[in-house]
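# Residue-level structure breakdown
Now for the letters of each chain:
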Amino acid sequence: MRKNDRVIIDSAVYVDGERTELDPRVPEALDGFVMSAHQFEDLDGGEVGSPWSAPLGFVWVGLAQPDVEELESWCATLQIDHFNAKEILTPHMRPVLTVNDYTLQLVLRTVQYDDVAEVAELGEMTMLVRPHALMTIRHGEGSPLGHLRARLEQDTSTLRLGPSAVMVAVIERVID
């Protein structure tokens, strides 16, 4: 963490929709689910695996204005590759959607409006989503996610669906 800046807003491991006491920075905490796909039985009795199906657990890391080293560290921890941290941190002019293997990158534009000063501050929210991990990267003050995370932790049905469901909730929050 940089001095005087709060880079990590929150990080948690969720198992069956419940927040756990596991530290996502400890590799052993992620051994059971980061790269394993949940298996379902198909109609013929065989197993079919989908990497985007509901996982046994996943990690959600929220960062605010990280530097390249911090972002690269978290990408390595969550096994997010094929992305350049410098490019991720470069401001975008419009929303972006990139899919690379099993990693989805979504960039949304945010706005924070000050009614008193009648000033709008633009920013962006970048999400890196894998089958068993979600990283939200906030640039600017718009669309803080603390209340959303707290609401999801109270009603765990969405968290049980995994990172893709959380991504949809974040999109709704940013749009609202």
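Computed from a predicted structure; not experimentally measured.

Calculation rules
Residues numbered from 1 in each chain as written. Predicted model: local features only at pLDDT ≥ 70, side-chain atom pairs only at ≥ 80, totals over all residues. Heavy atoms only, no water. Helix = DSSP H or I, 4+ residues; strand = E, 2+ residues; numbered from the N terminus. Buried < 20%, exposed > 50% of the residue type's maximum accessible area, 1.4 Å probe, protein only. Phe/Tyr/Trp six-rings, centres within 6.5 Å; stacked < 30°, edge-to-face > 60°. Lys NZ or Arg CZ within 6 Å of the ring centre and 35° of its normal. Core = buried A, V, L, I, M, F, W, Y, C linked by side-chain atoms within 4.5 Å. Contact = heavy atoms within 4.5 Å. Arc of directions from axis to C-beta.

## Examining unusual backbone geometry
Residues other than glycine seldom take positive phi values, yet Gln79 does so here, at roughly 55°. Residue position: Gln79 is located in the loop between helix H2 (68-77) and helix H3 (85-89). A residue is classified by how much of its surface remains accessible, and Gln79, at 39% relative accessible area, is partly exposed.

## As for the packing of aromatic side chains
Under the definition given, this model contains 2 aromatic pairs. A centroid spacing of 6.5 Å and a plane angle of 45° characterise the contact between Tyr14 and Trp60, whose relative ring orientation is tilted. Of the two residues, Tyr14 is situated in strand S1 (residues 8-15) and Trp60 in strand S5 (residues 57-64); the sequence distance between them amounts to 46 residues. Here Tyr14 matches Trp60 in class, with each residue buried. An aromatic cluster is present here, built from Tyr14, Phe58 and Trp60 joined pairwise through their rings. The ring of Trp60 has Arg149 lying over it, and the distance from NZ or CZ to the ring centre is 3.9 Å.

## A few points about the nonpolar core
If you look at the biggest cluster of nonpolar residues, it comprises 20 residues, and the most contacted ones within it are Trp60, Met127, Leu152, Val166 and Val170. Where this core is concerned, the elements lending two or more residues are S1, S5, strand S7 (103-114), strand S8 (119-130), helix H4 (146-154) and helix H6 (163-175). With 5 residues, the single largest contributor to this core is H6. Those residues in contact with Val170 that lie beyond four places of it in its chain are Trp60, Met125, Met127, Thr136, Leu145 and Leu148. Counting 18 residues, the second-largest nonpolar core is a separate cluster that includes Val7, Val61, Cys75 and Ala85.

## Description of H4
Of all the residues in H4, the buried ones are Leu148, Arg149 and Leu152. Projected onto a plane normal to the axis of H4, the buried residues spread over an arc of 100° and lie on a single side. Exposed and oriented more than 90 degrees from the buried face of H4 are His147, Arg151 and Gln154. For H4, the elements touching its buried residues are S1, strand S2 (18-19), S5, helix H5 (157-160) and H6.

## Concerning the side chain of Glu124
Residue position: Glu124 is located in strand S8. Judged by relative accessible area, Glu124 falls into the buried class, the value being 3%. Other than its neighbours up to four places away in sequence, Glu124 contacts Ile88, Thr90, Pro91, His92, Val107, Leu108, Arg109, Thr110, Ile137, Arg138 and His139.

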